[in-house]
Amino acid sequence: MYWIDRIVIATIAFAVLVYVLWAAPRYLDPTGSDPVKQDRDRRWVNTSPYFVDRQACRWLTLCGLHHLRADPARRDYRHKKHGGNGRLPPPPDVGGGGGGGHHKPTSRRDIPDFVFKHAPLVHLYSGEQFWPSDMRDHITHMDIQLNSTLVDDAAPWDLDSMSNLNNLDGSVFLYSKNDVESRPPWLHSRYNVPAAFPADAADAEPAALDETASATTTPHHPHTRPSTYGQSRAVHNLPTQQKVLAGAAHKQQQQPLAPQGHKPDAHGYSAAPAVLVLVDKEDGILDAFWFFFYSYNLGQTVLAMRFGNHVADWEHCMVRFKHGVPQGMYLSEHEGGQAYAWEALEKRNVTFNGVPDAAERPVIYSATGSHAMYATPGDHAYILPFKMLKDVTDEGPLWDPSRNHYAYFYDYQSDDDFHPDSTQPLLHAAGPASSDKPESLTPAATNPDAPTSWFHFRGRWGDGVYPLADVRQWRLFGQYHYVSGPQGPKFKNLGRQKMCLANKCRIRHERDGSGTWY
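Residues numbered from 1 in each chain as written. Predicted model: local features only at pLDDT ≥ 70, side-chain atom pairs only at ≥ 80, totals over all residues. Heavy atoms only, no water.

- Per an unreviewed UniProt entry, the chain goes by Vacuolar sorting-associated protein and derives from Cordyceps militaris.

**As for the pairing of strand 12 (residues 325-331)**
Residues in a regular strand project their side chains so that they alternate between the two faces of the sheet.
Stage number 1. Burial analysis of strand 12 places five of its seven residues in the buried class, the great majority of the element.
Stage number 2. Pairing between strand 11 (residues 310-322) and strand 12: six bridges, direction antiparallel. In the sheet register, Cys-317 faces strand 12, and the bridge partner there is Leu-331.
Stage number 3. Between the end of strand 11 and the start of strand 12, which pair antiparallel, lie two residues, with His-323 showing a positive phi angle near 55°. (Buried < 20%, exposed > 50% of the residue type's maximum accessible area, 1.4 Å probe, protein only. Helix = DSSP H or I, 4+ residues; strand = E, 2+ residues; numbered from the N terminus. Pairing = 2+ DSSP bridges.)

**Section: the pattern of salt bridges**
Stage number 1. Applying the stated criterion across every chain yields a total of 16 salt bridges.
Stage number 2. A salt bridge links Asp-287 to Lys-281, with the nearest nitrogen and oxygen atoms 2.5 Å apart.
Stage number 3. In this structure, Asp-415 and Lys-490 form a salt bridge, with 3.1 Å as the shortest nitrogen-oxygen distance. Here Asp-415, found in the loop between strand 22 (405-410) and strand 23 (441-443), pairs with Lys-490, found in the loop between strand 25 (479-480) and strand 26 (507-508); they are 75 residues apart in sequence, far enough to count as distant.
Stage number 4. Its relative accessible area of 10% is what places Asp-415 among the buried residues. (Salt bridge = Lys/Arg side-chain N within 4 Å of Asp/Glu carboxyl O.)

**Side note on the pairing of strand 20 (residues 390-393)**
Stage number 1. The side-chain alternation of strand 20 yields one buried face, formed by Asp-391 and Thr-393, and one unburied face, formed by Lys-390 and Val-392.
Stage number 2. Where strand 19 (residues 378-381) and strand 20 come together, four bridges link them in antiparallel fashion. Looking across to strand 20, one finds that Ala-381 is bridged to Lys-390.

**Here's the deal with the sheet that holds strand 8 (residues 285-297)**
Stage number 1. With mixed pairing, the eight strands of this open sheet are ordered in space as 23-22-7-8-11-12-13-26. Two strands bound the open sheet, and with one partner strand each, they are strand 23 and strand 26.
Stage number 2. Pairing of strand 22 with strand 23, which is carried by three bridges, proceeds in the antiparallel orientation. Across the sheet, the residue bridging to Phe-409 is Thr-442, located in strand 23.

And the structure:
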């Protein structure tokens with residue numbers, strides 16, 4: 001009887017464990033489940049060639065245990081040519097193509113002065129390994145993947161023609177030419193310490209060349225136009241054909257400039273442009289969205305296992321103005337982000353050209369690896385208790401995105417892709433936009449030639465979720481080691497009336513202790 005009791009207790013304990021492992025991911029999944037998602041998951045599990053692996057995945061939510069290994073932020077790739085350009089065998093290639101980009105708008109608008117007076121200052125993490133990236137650099141390292149197969153398309157595409165990819169019939173992903181686990185340098189975007197703009201660069205504005213030079217902009221408005229002057233060494237060292245694909249101007253191809261890096265310098269300048277999108281909500285409300293792009297998102301660890309890696313990362317904050325007065329700010333975090341009343345945010349004044357800036361600029365903090373944005377430095381737990389899963393921020397290098405950015409005005413009401421009632425992102429094309437409709441995205445007067453086509457690209461900016469058969473992939477308790485790359489800024493519900501991205505919107509009036517794991 002003693003042994004029978006122990007066997008019964010062990011069996012019950014094992015059954016409870018199996019149930020918890022099965023139910024917990026479903027309970028913690030904020031998106032819920034549906035037949036389409038279930039079918040997609042079954043097909044993902046079936047990619048594993050091992051019967052035991054498939055059954056452990058279905059019943060114990062332990063998928064790819066034989067793939068588990070360390071995943072440090074930095075890897076020693078010095079023995080690999082060009083910083084590790086090895087790639088796994090690609091999926092079969094298929095043909096594809098498309099045409100019909102967005103036309104350049106003709107009207108130009110000036111950015112209101114108050115937008116720059118209250119532009120954010122971003123503390124990047126001091127130990128960050130994946131720094132702000134330039135979109136132009138990023139796409140030179142990406143292929144096109146359509147419905148899980150690579151597209152062999154000779155037609156060039158760049159930031160000025162990316163919306164042509166919407167004509168492909170199916171789900172479109174940008175797919176890394178390199179194995180990201182070899183940690184190629186472009187993934188880190190840390191080529192060297194930034195230098196000042198070269199003094200003899202052709203056609204450059206005075207404010208873009210030397211911050212001590214006279215400029216037509218006001219002291220608190222020292223923004224520079226994003227151009228090939230601000231690109232990294234990676235772009236300047238590309239062959240001519242690749243430079244064309246990257247959208248570099250012919251003049252800059254013939255006149256290489258001093259190499260630039262992406263880590264902000266002592267003045268907060270980064271060669272990686274931020275993206276400013278202004279959205280007029282009427283009744284005096286103007287939302288200023290600041291988007292930040294990174295080539296890689298390093299997920300966080302739980303019990304020494306890393307989850308949530310993905311290629312390409314779009315983070316953003318939004319400052320809401322009413323009649324030119326800031327009302328509050330939204331920060332993109334996990335689980336829907338967080339909104340703050342303006343008075344709750346940390347503020348800082350800065351000095352440009354020796355003149356103090358009297359404006360109050362909010363200070364926010366970017367988490368290491370994930371780049372999620374917070375209002376305070378420190379640890380930020382989410383989803384799991386006891387800080388088992390957390391983001392970490394500190395007062396690392398200060399990034400001033402107002403010094404190098406693309407600036408646009410966006411009219412969401414004239415955009416066919418804007419569906420405020422939809423909870424699912426649009427993954428592939430329904431056909432090109434009508435040429436009879438007005439352009440929904442208009443470059444600001446500060447950068448009249450800024451590209452717009454990239455904004456309308458409906459696909460994902462990074463690799464899709466790797467199959468279970470991929471040696472880089474595992475899934476434990478419903479959480480993947482690698483997830484899909486994100487869609488771009490257009491699909492962050494820019495026309496929302498609430499400050500928050502999620503339907504439930506709670507505006508915090510204090511920043512300390514902002515957020516709990518639940």
